[in-house]
Amino acid sequence: MKNNILVLGGTGKTGRKVVEQLTNRGQKVRVGSRNATPSFDWNVPANWPAAFQGIDKIYITFQPDLAVPGALEAIELLTKEAHKAGIKKLVLLSGKGEREAELCEQVVIHSGIDYTIVRASWFNQNFSESFFLDPILAGHVALPQAQAKVPYVDTDDIAAVVVETLLDDQHNGEIYELTGPRLLTFEDVIQEINKATERNIVFTPISLDAYSKMLKEFQLPADYVWLITYLFTEVIGNEKNSLVTHDIEKVLGRKAKDFSTYVQETAATGVWSSIPKNQRA
Ligand SMILES: NC(=O)c1ccc[n+]([C@@H]2O[C@H](COP(=O)([O-])OP(=O)(O)OC[C@H]3O[C@@H](n4cnc5c(N)ncnc54)[C@H](OP(=O)(O)O)[C@@H]3O)[C@@H](O)[C@H]2O)c1
């Protein structure tokens, strides 16, 4: 059966892969982003009904994170508007180990619309498409929680699970916890990247205070510094998040992608060999 599916964040890390996989499976897909037509902006709810028109199902990726102040209210409003628009299914991307995100999950669970919650661990792609790329390019990665072991998950696997949950009703009412197949410290990560790229990126453990001071010195916005500090404290600093789960295998019938495979594939794109943004002409 062909569905009309709205993918919020449809050009983002998971969304663009969900769009590609749904399209390959013959579904009708609408990209939800500020630059799409009709446009979807989390800060402009007046425009949401136009983006929801004619849509059966929605994949929700919130910006920047379900833990930030205002996220709960935004998810409440979104589910209300989705209900009004006759949306039949919601799939929410949530963060594993984030208490605030779980409150947002509850809103979706009690929305009166069929749902699946996809709770993901930290993405592999944070090292190639997000906040850790610039320090890697600069050749020096200084991070707190050096002892923490993280079961990084690949966005290819997240997108594949999201697509299954959007298309198959047997996943309705489920909460899936997605992790990769093994635990890595930041030092392990940098070693793997060094091996694959033949670079000599240095990893330095620092305190959380020193890290947040460093981010402020780089003049990053205060709410961004707050979010990163929160994630390092609540998610990475929480031992309960250092657990490997098997939900990817359960949904897809195959093993989750290993971090080394991600590193090999990403090294081959050349993204870790380019010049850092702040050193470009
Ligand atoms: N990174 C992790 O390790 C991790 C782990 C677990 C959960 N998560 C969750 O993943 C979610 C983000 O998903 P993602 O990484 O796939 O997306 P992403 O790459 O962060 O998202 C970028 C997308 O969001 C759109 N966007 C940005 N600002 C927007 C706004 N104000 N209104 C509407 N669209 C906007 C962008 O399009 P335009 O610029 O065109 O608008 C683009 O399509 C967050 O809720 C985060 O909590 C992340």
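Scroll up a little and you will see the structure.
For the structure given in this document, a descriptive report is provided here. (Residues numbered from 1 in each chain as written. Predicted model: local features only at pLDDT ≥ 70, side-chain atom pairs only at ≥ 80, totals over all residues. Heavy atoms only, no water.)

A word on the layout of surface pockets
Approximately 1400 Å³ is the volume found for the largest pocket. Residue lining of the largest pocket: 43 residues in total, with Lys13, Phe62, Gln63, Pro64 and Asp65 positioned closest to the centre. Contributing elements (two or more residues each) for the lining of the largest pocket: strand 4 (89–95) and helix 9 (222–236). Tallying contributions element by element places helix 9 first for the lining of the largest pocket, with 6 residues. Across the lining of the largest pocket, the residue classes break down as 19 nonpolar, 16 polar and 8 charged. (1 Å grid on protein atoms, 1.4 Å probe; cavity = no way out; pocket = protein on both sides within 12 Å on 5 of 7 lines; lining within 4 Å. Points joined across faces, edges and corners; volume = space filled by probe spheres on them. Helix = DSSP H or I, 4+ residues; strand = E, 2+ residues; numbered from the N terminus. Nonpolar A, V, L, I, M, F, W, Y, C, P; charged D, E, K, R; others polar.)

Here's the deal with the packing of helix 7 (residues 186–197) against helix 11 (residues 259–269)
One way to put it is that helix 7 packs onto helix 11 with a least axis distance of 9 Å and a crossing angle of 40°. Taken together, helix 7 and helix 11 sit at an angle that is classed as oblique. Note on packing geometry: the crossing formed by helix 7 with helix 11 is right-handed. Packed against helix 7, whose contacting residues are Val189, Glu192, Ile193, Ala196 and Thr197, the element helix 11 presents Phe259, Ser260, Val263, Gln264 and Ala267 at the interface. (Axes fitted to C-alpha atoms, helices over the stretch in contact; angles between N-to-C directions. Parallel < 35°, antiparallel > 145°, perpendicular 65-115°, else oblique. Left-handed = near helix turned anticlockwise from the far one by under 90°. Contact = heavy atoms within 4.5 Å.)

Some details on the packing of helix 3 (residues 71–84) against helix 4 (residues 99–109)
Running from N to C, helix 3 and helix 4 cross one another at 10°; their axes reach a closest spacing of 9 Å. Here helix 4 runs roughly parallel to helix 3, going by the angle between their axes. Residue-level contacts link Ala71, Leu72, Ile75, Glu76 and Thr79 of helix 3 to Leu103, Cys104, Val107 and Val108 of helix 4. Here the residues of the contact of helix 3 with helix 4 are counted per class, giving 7 nonpolar, 1 polar and 1 charged.

Quick look at the site of the ligand
Around the ligand there are 28 residues in total, and Thr11, Lys13, Thr14, Arg34 and Phe62 lie nearest to it. Within the backbone of glycine 12, one N or O atom sits 3.3 Å away from an oxygen atom of the ligand. The side chain of serine 33 places a nitrogen or oxygen atom 2.9 Å from an oxygen atom of the ligand. Expressed as a share of its isolated accessible area of 920 Å², the protein-covered part of the ligand is 86%. Placement of the ligand is best described as lying within the largest pocket. In terms of residues, the shell around the ligand owes the most to one element, strand 4, which gives 3 residues. Among the residues making up the shell around the ligand, the classes are represented as 9 nonpolar, 15 polar and 4 charged. (Near = heavy atom within 4 Å. Polar contact = N/O pair within 3.5 Å; in protein donor to acceptor, adjacent residues only side chain to side chain. Areas by Shrake-Rupley, 256 points an atom, 1.4 Å probe, with all protein chains shown as cover. Sits in = over half its atoms within 2 Å of the grid points.)

Regarding the side chain of histidine 171
Along the chain, the position of histidine 171 falls in the loop between helix 6 (155–167) and strand 7 (175–178). Those residues within four positions of histidine 171 in sequence are excluded, and the remaining contacts are Lys89, Tyr115, Thr116, Glu164, Thr165, Tyr176 and Val251.

Section: the nonpolar core
Generally speaking, a soluble globular protein has its nonpolar side chains buried in company with each other. Counting 63 residues, the largest nonpolar core has Trp42, Phe52, Ile58, Ile75, Trp122, Phe127 and Phe186 as its most contacted members. Residue contributions to this core peak at 8 residues, all from helix 9. The contact partners of isoleucine 75, leaving out residues within four places of it in the chain, are Trp42, Ile60, Phe62, Leu66, Leu92, Cys104, Val107 and Val108. Ranked by size, the runner-up nonpolar core spans 23 residues in total, among them Ile5, Tyr59, Leu178 and Val251. (Core = buried A, V, L, I, M, F, W, Y, C linked by side-chain atoms within 4.5 Å. Buried < 20%, exposed > 50% of the residue type's maximum accessible area, 1.4 Å probe, protein only.)

Overview of the sheet that holds strand 5 (residues 114–120)
Here we have 6 strands laid out as an open sheet, ordered 2-1-3-4-5-7, and parallel in their pairing. Lying at the two open borders of the sheet, with one neighbouring strand each, are strand 2 (28–32) and strand 7. Neighbouring strand axes in the sheet, compared pairwise and without regard to direction, differ in orientation by 15° on average. When strand 1 (residues 4–8) meets strand 3 (residues 57–60), the two strands line up parallel, connected through 3 bridges. Each bridged residue has a counterpart across the sheet, and for valine 7 the counterpart in strand 3 is tyrosine 59. Where helix 6 meets the sheet, its contacts fall on strand 1, strand 3, strand 4, strand 5 and strand 7, and the angle it forms with strand 5 comes to roughly 170°. (Pairing = 2+ DSSP bridges.)

Concerning the packing of aromatic side chains
Inspection of every chain in the model, using the stated rule, returns 21 aromatic pairs. Between phenylalanine 127 and phenylalanine 259, the ring centres sit 6.1 Å apart and the planes meet at 85°, which makes this aromatic pair edge-to-face. Residue phenylalanine 127 is located in the loop between strand 5 and helix 5 (133–138), and its partner phenylalanine 259 is located in helix 11; the two are separated by 132 residues in the primary sequence. No difference in accessibility class separates phenylalanine 127 from phenylalanine 259, as the two residues are buried. With 5.4 Å between their ring centres and 20° between their planes, tryptophan 226 and tyrosine 230 make a pair best called stacked. Of this pair, tryptophan 226 and tyrosine 230 are both found in helix 9, 4 residues apart, which corresponds to roughly one turn of the helix. Tyrosine 230 sits in the buried class, given a relative accessible area of 9%. (Phe/Tyr/Trp six-rings, centres within 6.5 Å; stacked < 30°, edge-to-face > 60°.)

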